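# Structure at a glance
Each chain, written out:
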Amino acid sequence: MNLSLKHKLMLQSLSPLAFLTIVRNFKFTPISKLGENQSYWGEFVHLNNVLIVVLLLCVTWILAAVISFISFTAFRWTDKKQGYQLSSFVEKEDASLNFFMTMIIPLLIDDVGTIQGAITFLIIVAMMCALLSKTHLYYANPVLAILGYRVYEITFESNTDFNNEVCLAVVKGRFLKNPGTVEYKVINDTVLYMKEMNK
């Protein structure tokens, strides 16, 4: 389940790219003249077939990202480990902004309506997914950041599951200046969803 959630959050983290691709490329080739045996919609699809396919993929991607967020919301309410204290916590304030500026904006392509542009776009997305699957970069999710989640580097005072490892905690809102007892659930490896128990 956790591995599946990681992939759902990966999908969600790149969903702004799908949205911006739609906004940037929503320009269809108009029909100038119809032949004797041609229908309007048939000719329209013929002229814009590549762009239509890419846009349908992007819309599907965005809908899947919405479903993944619902799944994440359900995930964070069950089977949490409770009663742990933190020895340190530092907010990674620029994580989501850096992700957006380095992994979303540079990947916007103007010509996804052409076969070459569409293939380039799909290859880039596949390479980004491969990169995210091998790293923990998906935690810097710009969608979660917009919805009020923050990322912290934390260490536990005493937790045999992690010893003195530095973990990444995805938190709804901010930690208090001196957080008390926390509860958490593992998303993947050392990436956790975490909440103060007094909130």
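Here we summarise the structure given alongside this text. (Residues numbered from 1 in each chain as written. Predicted model: local features only at pLDDT ≥ 70, side-chain atom pairs only at ≥ 80, totals over all residues. Heavy atoms only, no water.)

## Here we look at unusual backbone geometry
Positive phi is not limited to glycine here, since Asn 163 has a value of about 50 degrees. Its location among the elements puts Asn 163 in the loop between strand S3 (149-156) and strand S4 (167-172). Using a relative accessible area of 54% as the deciding quantity, one classes Asn 163 as exposed. In this model, Asp 189 sits at a positive phi of 55 degrees, which is unusual for a non-glycine residue. In this structure, Asp 189 sits in the loop between strand S5 (182-188) and strand S6 (191-196). (Helix = DSSP H or I, 4+ residues; strand = E, 2+ residues; numbered from the N terminus. Buried < 20%, exposed > 50% of the residue type's maximum accessible area, 1.4 Å probe, protein only.)

## Details of the packing of aromatic side chains
Using the criterion set out here, one finds 11 aromatic pairs in the structure. An angle of 90 degrees between the planes, with centres 6.0 Å apart, marks the rings of Phe 72 and Tyr 193 as edge-to-face. Highlighted residues: Phe 72 in helix H4 (residues 49-75) and Tyr 193 in strand S6, separated in sequence by 121 residues. Judged by centre distance (5.7 Å) and plane angle (15 degrees), the ring pair of Phe 156 and Phe 162 falls under stacked. Note on Phe 162: relative accessible area 5%, which makes it buried. Taken together, Phe 72, Phe 75, Tyr 149 and Tyr 193 form an aromatic cluster joined through their ring pairs. (Phe/Tyr/Trp six-rings, centres within 6.5 Å; stacked < 30°, edge-to-face > 60°.)

## Here's the deal with the sheet that holds S4
Ordered in space as S1-S5-S6-S4-S3-S2, the 6 strands form an open sheet in which the pairing is mixed. The sheet is open, and its two borders are formed by strand S1 (81-84) and strand S2 (86-91), each paired with just one other strand. Taken pair by pair, the neighbouring strands of this sheet meet at an average axis angle of 40 degrees, ignoring direction. Sheet analysis places S5 next to S6, joined by 6 bridges and oriented antiparallel. If you follow Asn 188 over to S6, its bridge partner there is Val 191. (Pairing = 2+ DSSP bridges. Axes fitted to C-alpha atoms, helices over the stretch in contact; angles between N-to-C directions.)

## What about a nonpolar patch on the surface?
Among the surface-exposed residues, Ile 115, Ile 119, Ile 123 and Met 127 lie close enough to one another that they form a single nonpolar patch of about 420 Å² accessible area. With respect to the secondary-structure elements, Met 127 resides in helix H6 (residues 115-134). Judged by relative accessible area, Met 127 falls into the exposed class, the value being 58%. (Patch = residues over 30% accessible without salt bridge, like charges linked within 9 Å, V, L, I, M, F, W, Y side chains within 5 Å. Areas by Shrake-Rupley, 256 points an atom, 1.4 Å probe, with all protein chains shown as cover. Salt bridge = Lys/Arg side-chain N within 4 Å of Asp/Glu carboxyl O.)

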